[in-house]
Each structure stands twice: as C-alpha cells, then as structure tokens.
Amino acid sequence: MRAVLQVVTEASVTVEGEVVGSIVGPGLCVLVGVTHTDTPEIARRLAAKLWSLRVLDGEKSCSDLAAPLLVISQFTLYGDARKGRRPTWNEAAPGPIAEPLVAEVVAALRALGAEVATGVFGADMKVALVNDGPMTLVVDM
C-alpha cells in the first residue's frame, strides 16, 4: 500500500457537487493506493502508522491530539510515467481488490479511536484542503 499524507488545517471531498467527507484540523488528508500484493494485515499496519506518525505540530500524532483523518482512495498513486507520455496503471490493484483494503484502513483507524471521514471509492472526487506547513509525506508499506 502507498499513502500520501498531508498535514491540514481543513480538508473536504466533494462528489457530484455534494460534500461527502470533511475534517477540520489539525489533521491528516490521506490518499491511499493499493497494489496487487496488499493484504488486510498491510492495511492494518498502514492505519496504525497513520494514527501514530508524529507529524503534527510539536511532534504530535493524530492519536496524541485525537486529530481527524480524511481518507481518500487513489489508484493513481501506483501510476508509472517512466516511459512515453501516458502513464500506465498496471501496478494499481483493480477495484474489487482495492476497495475492501481501503475500507480496512478506515475500519482499523476507527478501531484505534480515530475520527475518519472518507471519499467515495471509484467516484470522480474533488478534493480541497489547506496544507499546513506544508507537510507532505509518502508512506509505503
């Protein structure tokens, strides 16, 4: 699994003109991509990492501050643009594999006590955020 996380003061995701998920921070906006070899265990490890990663102000984690997370599925994190002018998506897992694993990340975060908002898997989403810092990290599991 791959996650791109941004420390935010606020973030939201809109589908067909309707806000389907939003947070007011400090918190994390997390884009999650799934590849073919990912498992529920990897999803749970990613959730634990996101919950405990000390990237918020004062080297605090979401767990320290009860900070919210906005988790959004993002298959393009496994895009490969090394050849030609058009990226390939061969490393991205197909929807039937990826969707339950993204849901497992969300469920594991909630089981840890996190407040989690989400996007809509497979939808055309518009993401708005205010990046705080800016602070952006890529986490590979």
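Whatever comes next refers back to the structure up there.
All of the points below concern the structure found in this document. What you see is a predicted model, and the numbers here were worked out from it, not measured in a lab.

## Points about the overall build of the protein chain
Link 1 in the chain: Assigned secondary structure in the protein chain consists of three helices and five strands.
Link 2 in the chain: N-terminal to C-terminal, the α/β element order of the protein chain is β-β-α-α-β-α-β-β.
Link 3 in the chain: Scaling as 2.2 N^0.38, a compact globule of 141 residues should have a C-alpha radius of gyration of about 14 Å, and the protein chain matches this with 14 Å.
Link 4 in the chain: Seen through its principal axes, the protein chain has C-alpha atoms that stretch 40 × 35 × 25 Å.
Link 5 in the chain: The 141 residues of the protein chain split such that 42% are buried.
Link 6 in the chain: Restricting the contact set of the protein chain to residue pairs at least 6 apart, pairs at least 24 apart contribute 73%.
Link 7 in the chain: Accessible area of the protein chain: about 7600 Å², with a carbon and sulfur share of 51%.

## Observations concerning the sheet that holds strand β2 (residues 18-33)
Link 1 in the chain: Strand order in the open sheet formed by five strands is β4-β3-β2-β1-β5, with mixed pairing between adjacent strands. Both outer strands of the open sheet, β4 (116-118) and β5 (125-140), are each paired with one neighbouring strand and no more. Neighbour-to-neighbour, the strand axes of the sheet open up by a mean angle of 30 degrees, direction not taken into account.
Link 2 in the chain: Sheet topology note: the strand β3 (residues 69-73)/β4 ladder contains three bridges and is parallel. Bridge pairing in β4 links leucine 69 to valine 116.
Link 3 in the chain: Strand contacts of helix α1 (residues 40-52): β1 (2-15), β2, β3 and β5, with the helix running at about 105 degrees to β2, the strand carrying the most contacts.
Link 4 in the chain: Here helix α3 (residues 95-111) sits on the sheet in contact with β2, β3 and β4, set at roughly 160 degrees to β4.

## So, the pattern of salt bridges
Link 1 in the chain: The tally for this structure, following the rule as stated, stands at five salt bridges.
Link 2 in the chain: The closest approach of N and O atoms between aspartate 140 and arginine 2, which form a salt bridge, is 2.6 Å. Residue aspartate 140 is found in strand β5, and its partner arginine 2 is found in strand β1; the two are separated by 138 residues along the sequence.
Link 3 in the chain: Here aspartate 140 falls in the partly exposed class, since its relative accessible area comes to 47%.
Link 4 in the chain: Between arginine 82 and aspartate 80 there is a salt bridge, and its shortest N-O distance comes to 2.7 Å.
Link 5 in the chain: Overlapping salt bridges, with partners in common, bring together Glu41, Arg44 and Glu104 in one network.

## Overview of the pairing of β3
Link 1 in the chain: Most of β3 is tucked away, with five of its five residues classed as buried.
Link 2 in the chain: With burial as the criterion, each face of β3 is covered, one bearing Leu69, Val71 and Ser73 and the other bearing Leu70 and Ile72.
Link 3 in the chain: The pairing of β2 with β3 spans five bridges and is classified as parallel. Of the residues in β3, the one forming a bridge with valine 30 is valine 71.
Link 4 in the chain: Note on the crossover from β3 through α3 to β4: the handedness is right-handed.

## Some words on the nonpolar core
In a soluble, globular protein the nonpolar side chains are often hidden away together inside.
Link 1 in the chain: By size, the foremost hydrophobic cluster in this structure holds 32 residues, and its most contacted members are Met1, Leu28, Val30, Leu69 and Leu109.
Link 2 in the chain: Of all the elements in the fold, those that place two or more residues in this core are β1, β2, α1, β3 and α3.
Link 3 in the chain: Top element by residues in this core is α3. It accounts for seven residues.
Link 4 in the chain: Those residues in contact with leucine 28 that sit more than four places away from it in its chain are Leu5, Gln6, Val7, Val8, Ile23, Leu50, Val55, Leu56, Cys62, Pro68, Leu69 and Leu70.
Link 5 in the chain: If you look at the next biggest cluster of nonpolar residues, it comprises 13 residues, including Val4, Val13, Cys29 and Ile72.

Reading the values: the criteria
The residue numbers shown here count from 1 along each chain, following its written sequence. Since the coordinates come from a predicted model, pLDDT governs what is reported: local features require at least 70, and pairs of side-chain atoms require 80 or more to be given and counted, while whole-chain, interface and lining totals use all residues. To get the side-chain values, take all heavy atoms of the structure and skip hydrogens and water. Working definition: helices are DSSP H or I runs of at least four residues, strands are E runs of at least two. Numbering for both runs from the N terminus. Based on C-alpha atoms, the radius of gyration is set beside the globule rule, defined as 2.2 Å times the residue count to the power 0.38. Three exposure classes are used, based on accessible area relative to the maximum for each residue type with a 1.4 Å probe and protein chains only: buried under 20%, partly exposed in between, and exposed over 50%. Two residues qualify as a contact provided that any one of their heavy atoms is within 4.5 Å of a heavy atom in the partner residue. In this description, accessible areas are obtained by the Shrake-Rupley approach with a 1.4 Å probe, and a residue is regarded as covered only by the protein chains that are shown. Should DSSP find at least two bridges between two strands, the strands are regarded as paired. With axes taken as lines fitted to C-alpha atoms, and helix axes fitted only over the stretch in contact, angles between N-to-C directions fall between 0 and 180 degrees. For salt bridges, the criterion is a side-chain nitrogen of Lys or Arg within 4 Å of an Asp or Glu carboxyl oxygen. Call a crossover right-handed when, viewed with both strands pointing away from you, the route from the first strand across the helix to the second goes clockwise. Here, nonpolar core refers to any group of buried Ala, Val, Leu, Ile, Met, Phe, Trp, Tyr and Cys residues whose side-chain atoms link them within 4.5 Å.

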